[in-house]
Amino acid sequence: MRLPDIGTLLPIVEWLREYEPGWLRADLVAGLTVGAAVVPEGMAYAALAGLPLETGLYASLAAVTAYLVVGTSKQVIVGPTSALAVLLATQVGAVATGGAAYVTLVGVTTLLVGAIAFVAWLFRLGFVMNFISESVLTGFSAGAALFIISTQLPTLLGLDSASGQFYERIWFVLNSLAAIQPLTAAVGVGTVLLLLAGERYAPRLPSALIVVALAIALVTVTGIEEQGVTVVGAVPSGLPVLAVPTTTLSTVVQLLPVALALFILSYVEGMAAVETFAQRHKYRADPDQELLATGLTNTLSGLAQGFVVGGSMSRSALNDAVGGRTQAINAIVAVVLIVVLVFLTGLLSALPEATLAGVVIVAVTKLVDVAELRRLWRVDRGSFSQPQWRLRVCSSWASSMACSSGSSSLHWSYQAERRIHTPQNSDETPREASSPTLTGIPPTSECPGYSSTVSTRSCSSQTHPRYDTICWSALTSATSKSGS
């Protein structure tokens, strides 16, 4: 097995050699802007994962530091994401027996994700991206978003915490409207409205940081904490100490399926962002190198007391919008995080929990891709049934293992066809495969509507009688194995 040359293995060698001084100003502005967004979002996703707030900052720092060295994308920002946080909380939380044990198991799981990514990189498994169904992922993302919102609503409104499935949580909130804490609700709803206004009218500003600063100032000046508004409390200062979390071998075996699901979700999230910006700016995305990046970012995060990280589409889009040019932005974001951890954590103690809940809710609304769901409904009702089914599972069963298993199952023939699938009688332009050679495609004789060229392949479900059978048998198998 031949390893790549140093320039391929460490992209920082290449882009530093080609770096132009004129790019520094744009990278500096983008890095400061993105860093301002990373701080509140990192803490919010740590809270969502049921972890201490500082772990979100640790994970963010580890992720941008590692990606600076091995990442291929000039725009993508790696760090905690909402989908990874909720899957981590629901699955690792089921294995843990207590608070301290949970934090340790999160670290072990994060290291396992890194190890799986390294193995996938060694065997050059980046081509697996060709077989991940976009429609299943669309449903997973939408379902995860709904479940996350349901978990944050009680905190947003000052209610007692709720448990159960998505519908049970929503029903609890509706039945508890009379118990809403007015000041907490005002802070929470105000956070949401200000964030939405910022996204609408000033998308290039770090709205989340501005709102967090305003909320801290409000609590400090008015003392509304004494009137029932809950704040996050003390956040430890200082940089993380690298350490290897340990547990028993039997627990590691229990965590392996969870780590595999988290790895696939992390990698797919990241590659979706990488491919998006690579196409937009006309440079090459390297799926195999991104496997190495997934491995290194998660390994360093696990050692630095963080949790599972992946490519963030929202923070990457912000970076692109403010004109980020190169991976040097990661270094500037790292400096911002170091300054916050060393000097500014004392200010964070007055941050209302309702504000963090508002940050999470606004952030995860981007996971619901209404346009894509409408496109699937318009183009192919059969394909639409997949995200619809996955959305119900993820929202109803707390992002259970069925979500991760179903999303990550490599239904080889079906997934390869689905990724390039174009129904008949459609105005849609056929999609090109992301790779010129896909294996596992049925022979032409099995699919009368199948056509093949060097760069495109298409197959209509209307002319392939086994299309829906392959789909639903795979999903049924994945669900039954997960115990859902």
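Note that this is a predicted model, so its numbers are computed, not measured.

### A look at helix α9 (residues 182–201)
Here comes step 1: Between its first and last C-alpha, α9 extends 28 Å over 20 residues, near the 28 Å set by a 1.5 Å rise per residue.
Here comes step 2: Among the residues of α9, those classed as buried are Thr184, Ala185, Val187, Gly188, Thr191, Val192, Leu195 and Gly198.
Here comes step 3: Where α9 begins, the side chain of glutamine 181 points an oxygen toward the backbone nitrogen of leucine 183, at a separation of 3.1 Å.

### Focus: the pattern of salt bridges
Here comes step 1: With the rule as written, the count across this model stands at four salt bridges.
Here comes step 2: A salt bridge links arginine 17 to glutamate 14, with the shortest nitrogen-to-oxygen separation between them at 3.4 Å. Taken together, the positions of arginine 17 and glutamate 14, both in helix α2 (residues 11–17) and three residues apart, correspond to about one turn of that helix.
Here comes step 3: Given the relative accessible area of 31%, glutamate 14 is considered partly exposed.
Here comes step 4: For the salt bridge of arginine 284 with aspartate 286, the shortest nitrogen-to-oxygen distance reads 3.7 Å.
Here comes step 5: Given a relative accessible area of 64%, arginine 284 falls into the exposed group.
Here comes step 6: The class of aspartate 286 is buried, set by a relative accessible area of 13%.

### Points about a nonpolar patch on the surface
Here comes step 1: Side chains of Leu239, Val335, Ile338, Val339, Val342, Phe343, Leu344 and Leu347 sit close together on the surface and give an oily, nonpolar patch of about 700 Å² of accessible area.
Here comes step 2: You can see phenylalanine 343 is positioned in helix α14 (residues 329–348).
Here comes step 3: For phenylalanine 343, a relative accessible area of 66% gives the class exposed.

### As for the packing of aromatic side chains
Here comes step 1: The tally for this structure, following the rule as stated, stands at four aromatic pairs.
Here comes step 2: On the basis of an interplanar angle of 15° and a centroid distance of 6.1 Å, the ring pair of phenylalanine 263 and tyrosine 267 is categorised as stacked. On the criterion of helical spacing, the pair formed by phenylalanine 263 and tyrosine 267 is a turn pair, its members being four residues apart in helix α11 (residues 249–281).
Here comes step 3: Judged by relative accessible area, phenylalanine 263 falls into the buried class, the value being 8%.

### Comments concerning the packing of helix α4 (residues 53–70) against helix α12 (residues 287–303)
Here comes step 1: Orientation of α4 relative to α12, taken along the N-to-C sense of each, is 145°, at an axis distance of 8 Å. Seen from above, α4 lies across α12 with right-handed handedness. Contacts between α4 and α12 pair Ala59, Ala62, Ala63, Thr65, Ala66, Tyr67 and Val70 from the former with Gln289, Glu290, Leu292, Ala293, Leu296, Thr297, Leu300 and Ser301 from the latter.
Here comes step 2: Here the contact of α4 with α12 is composed, by residue class, of ten nonpolar, four polar and one charged.

### Thoughts on the confidence of the model for the protein chain
Here comes step 1: This prediction gives the protein chain a mean pLDDT of 77; 74% of its residues lie at or above 70.
Here comes step 2: When mean pLDDT is compared element by element in the protein chain, α4 scores highest at 96, while strand β4 (residues 457–458) scores lowest at 32.
Here comes step 3: Ignoring residues within four places in sequence, the model shows residues 395–484, a span with pLDDT below 50, making 176 contacts including any to other chains.

### Thoughts on the environment of threonine 72
Here comes step 1: Turning to its location among the elements, threonine 72 is positioned in the loop between α4 and β1 (77–79).
Here comes step 2: Sequence separation between threonine 72 and tryptophan 15 is 57 residues; the distance between their C-alpha atoms is 9.5 Å.
Here comes step 3: Once you skip the residues sitting within four places of it in the chain, threonine 72 turns out to touch Pro11, Tyr67, Val274, Tyr283, Asp286, Gln289, Glu290 and Gln327.
Here comes step 4: Here the side chain of threonine 72 touches glutamate 290 through a polar contact of 2.5 Å, side chain to side chain.

Cut-offs applied
- Here the residue numbering is sequential within each chain, running from 1 through the sequence in written order.
- Since the coordinates come from a predicted model, pLDDT governs what is reported: local features require at least 70, and pairs of side-chain atoms require 80 or more to be given and counted, while whole-chain, interface and lining totals use all residues.
- By convention in this description, side-chain values take in all heavy atoms of the structure and omit both hydrogens and water.
- Only DSSP runs of H or I reaching four residues or more are called helices, and only runs of E reaching two or more are called strands; each is numbered from the N terminus.
- Expected span of a helix: the number of residues minus one, times 1.5 Å.
- Using a 1.4 Å probe on the protein chains alone, a residue whose accessible area is under 20% of its type maximum counts as buried, one over 50% counts as exposed, and one in between counts as partly exposed.
- A 3.5 Å cut-off defines polar contacts: any pair of N or O atoms within that distance qualifies, except that in protein one atom must be a possible hydrogen donor and the other a possible acceptor, and neighbouring residues in sequence count only when both atoms are side-chain atoms.
- Salt bridges are defined by distance alone: a side-chain nitrogen of Lys or Arg within 4 Å of a carboxyl oxygen of Asp or Glu.
- Here, patches come from residues exposed beyond 30% relative accessible area and free of salt bridges, joined within 9 Å for like charges and within 5 Å for nonpolar side chains (Val, Leu, Ile, Met, Phe, Trp, Tyr).
- Here the open area of atoms and residues is found with the Shrake-Rupley method and a 1.4 Å probe, where only the protein chains shown may cover a residue.
- Note on ring pairs: Phe, Tyr and Trp rings are taken, using the six-membered ring of Trp, and paired if centres are within 6.5 Å. Classes follow the plane angle, with under 30 degrees stacked, over 60 edge-to-face and the rest tilted.
- Interaxial angles span 0 to 180 degrees and are taken between N-to-C directions of axes, which are lines fitted to C-alpha atoms, for helices over the stretch in contact.
- By the definition used in this description, the sense in which the near helix is turned from the far one sets the handedness, with an anticlockwise turn below a right angle giving left-handed and a clockwise turn giving right-handed.
- Whether two residues are in contact is decided by their heavy atoms: any pair within 4.5 Å suffices.
- In this classification, Asp, Glu, Lys and Arg are treated as charged, Ala, Val, Leu, Ile, Met, Phe, Trp, Tyr, Cys and Pro as nonpolar, and every other residue, Gly included, as polar.
- Per residue, pLDDT measures the predictor's confidence, with a range of 0 to 100.

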